[in-house]
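Listed here are the chains, written in short residue letters.
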Amino acid sequence: MDKRRVSFALYRVLAYVTGVFLLGLTFVAMPAKYLVGETARFSLTAAPQGWEQWFGPESPLMLFIAMPHGYIYMVYVFAVLWVALDRRWSAARTLGVALAGTVPVVGFVVEHRVVRSEQAKERAADERAQEPATAG
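Given the structure is predicted, the values throughout are model-derived calculations rather than measurements.

Caption draft 1: View of the overall build of the chain. On a plain count of helices and strands, the chain comes out with four helices and zero strands. With the C-alpha coordinates of the chain rotated into their principal frame, the extents come out at 80 × 25 × 20 Å. Counting every position in the chain, which comprises 136 residues, the buried fraction comes to 32%. Here the contacts in the chain between residues at least 6 apart in sequence split such that 63% fall between residues at least 24 apart. With the model as given, the accessible surface of the chain reaches about 8,900 Å², and the carbon-plus-sulfur share is 66%. When the 14 basic and 11 acidic side-chain charges of the chain are each reduced to a single mean position, those positions are 6 Å apart.

Caption draft 2: Layout of a nonpolar patch on the surface. A surface patch of nonpolar side chains, about 770 Å² in accessible area, is lined by Leu 63, Phe 64, Met 67, Tyr 71, Met 74, Phe 78 and Leu 81. Relative to the helices and strands, Phe 78 resides in helix H2 (residues 61-87).

Caption draft 3: Just the packing of H2 against helix H3 (residues 91-99), in detail. One can describe the packing of H2 onto H3 by two numbers: an axis separation of 10 Å at closest approach and a directional angle of 155 degrees. Taken together, the axis directions place H2 and H3 in an arrangement best described as roughly antiparallel. The handedness of the crossing between H2 and H3 is right-handed. Touching Tyr 73, Tyr 76, Val 80, Leu 81 and Ala 84 of H2 are Thr 94, Val 97, Ala 98 and Leu 99, all from H3.

Caption draft 4: Fine view of the packing of aromatic side chains. One pass over the structure, following the stated rule, counts four aromatic pairs. With a centroid separation of 5.5 Å and 40 degrees between ring planes, the pair formed by Tyr 16 and Phe 108 is classed as tilted. Of this pair, Tyr 16 sits in helix H1 (residues 3-34) while Phe 108 sits in helix H4 (residues 106-135), and the two are 92 residues apart along the sequence. Here a set of aromatic residues connected by ring pairs shows up, and it is made of Phe 8, Tyr 11, Tyr 73 and Tyr 76. Its guanidinium or amino end placed over the ring of Phe 8, Arg 87 lies 4.5 Å from that ring's centre, counting from NZ or CZ. The ring centre of Trp 89 lies 4.5 Å from the NZ or CZ of Arg 93, which sits over that ring.

Caption draft 5: Summary view of the environment of Ala 46. By secondary structure assignment, the location of Ala 46 is in the loop between H1 and H2. In sequence terms Ala 46 and Arg 87 are 41 residues apart; their C-alpha atoms lie 51 Å from each other. Residues in contact with Ala 46, not counting those within four places in the same chain, are Val 36, Gly 37 and Glu 38.

Caption draft 6: Seen up close, the side chain of Glu 111. Positionally, Glu 111 belongs in helix H4. Judged by its relative accessible area of 2%, Glu 111 is buried. Residues in contact with Glu 111, not counting those within four places in the same chain, are Tyr 11, Arg 12, Ala 15 and Tyr 16.

Caption draft 7: Highlighting unusual backbone geometry. Its identity as a non-glycine residue notwithstanding, Arg 88 has a phi of 55 degrees, on the positive side. Its place among the elements puts Arg 88 in the loop between H2 and H3. Although it is not a glycine, Val 105 adopts a positive phi angle of roughly 75 degrees. Structurally, Val 105 is set in the loop between H3 and H4.

Conventions adopted
Residues numbered from 1 in each chain as written. Predicted model: local features only at pLDDT ≥ 70, side-chain atom pairs only at ≥ 80, totals over all residues. Heavy atoms only, no water. Helix = DSSP H or I, 4+ residues; strand = E, 2+ residues; numbered from the N terminus. Buried < 20%, exposed > 50% of the residue type's maximum accessible area, 1.4 Å probe, protein only. Contact = heavy atoms within 4.5 Å. Areas by Shrake-Rupley, 256 points an atom, 1.4 Å probe, with all protein chains shown as cover. Lys, Arg positive; Asp, Glu negative; His and termini not counted. Charge placed at Lys NZ, Arg CZ, Asp CG, Glu CD. Patch = residues over 30% accessible without salt bridge, like charges linked within 9 Å, V, L, I, M, F, W, Y side chains within 5 Å. Salt bridge = Lys/Arg side-chain N within 4 Å of Asp/Glu carboxyl O. Axes fitted to C-alpha atoms, helices over the stretch in contact; angles between N-to-C directions. Parallel < 35°, antiparallel > 145°, perpendicular 65-115°, else oblique. Left-handed = near helix turned anticlockwise from the far one by under 90°. Phe/Tyr/Trp six-rings, centres within 6.5 Å; stacked < 30°, edge-to-face > 60°. Lys NZ or Arg CZ within 6 Å of the ring centre and 35° of its normal.

Printed below as a string of structure tokens:
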């Protein structure tokens with residue numbers, strides 16, 4: 001298997017996993033910790049009856065969502081660096097793709113655009129490689 005394909009496949013998987021965990025962190029874990037429950041810092045509403053242990057400053061959702069997100073994001077950054085070195089991306093592009101994993105939904109959009117541009121480059125390289133064979 002080609003090293004470039006492995007690194008790119010890993011990047012794609014980690015982009016989606018990081019994006020899903022970031023959405024969970026942003027729209028589930030953080031609101032549960034800071035916005036819901038009697039002891040929450042900015043309490044907007046009481047926790048549903050029987051579910052109080054899931055809300056407030058000691059919310060276990062932070063353990064199940066925030067902690068894995070941090071570790072997954074670190075692996076995502078290493079995958080981005082691996083792809084960037086293999087494909088000779090500029091520093092600006094590498095930094096942009098790495099930071100896309102910090103803004104909800106943007107990571108999905110950037111991943112889609114990166115895949116589209118890389119596939120176009122591969123098609124162009126394949127066409128250039130086949131031209132001399134058909135011309136002769």
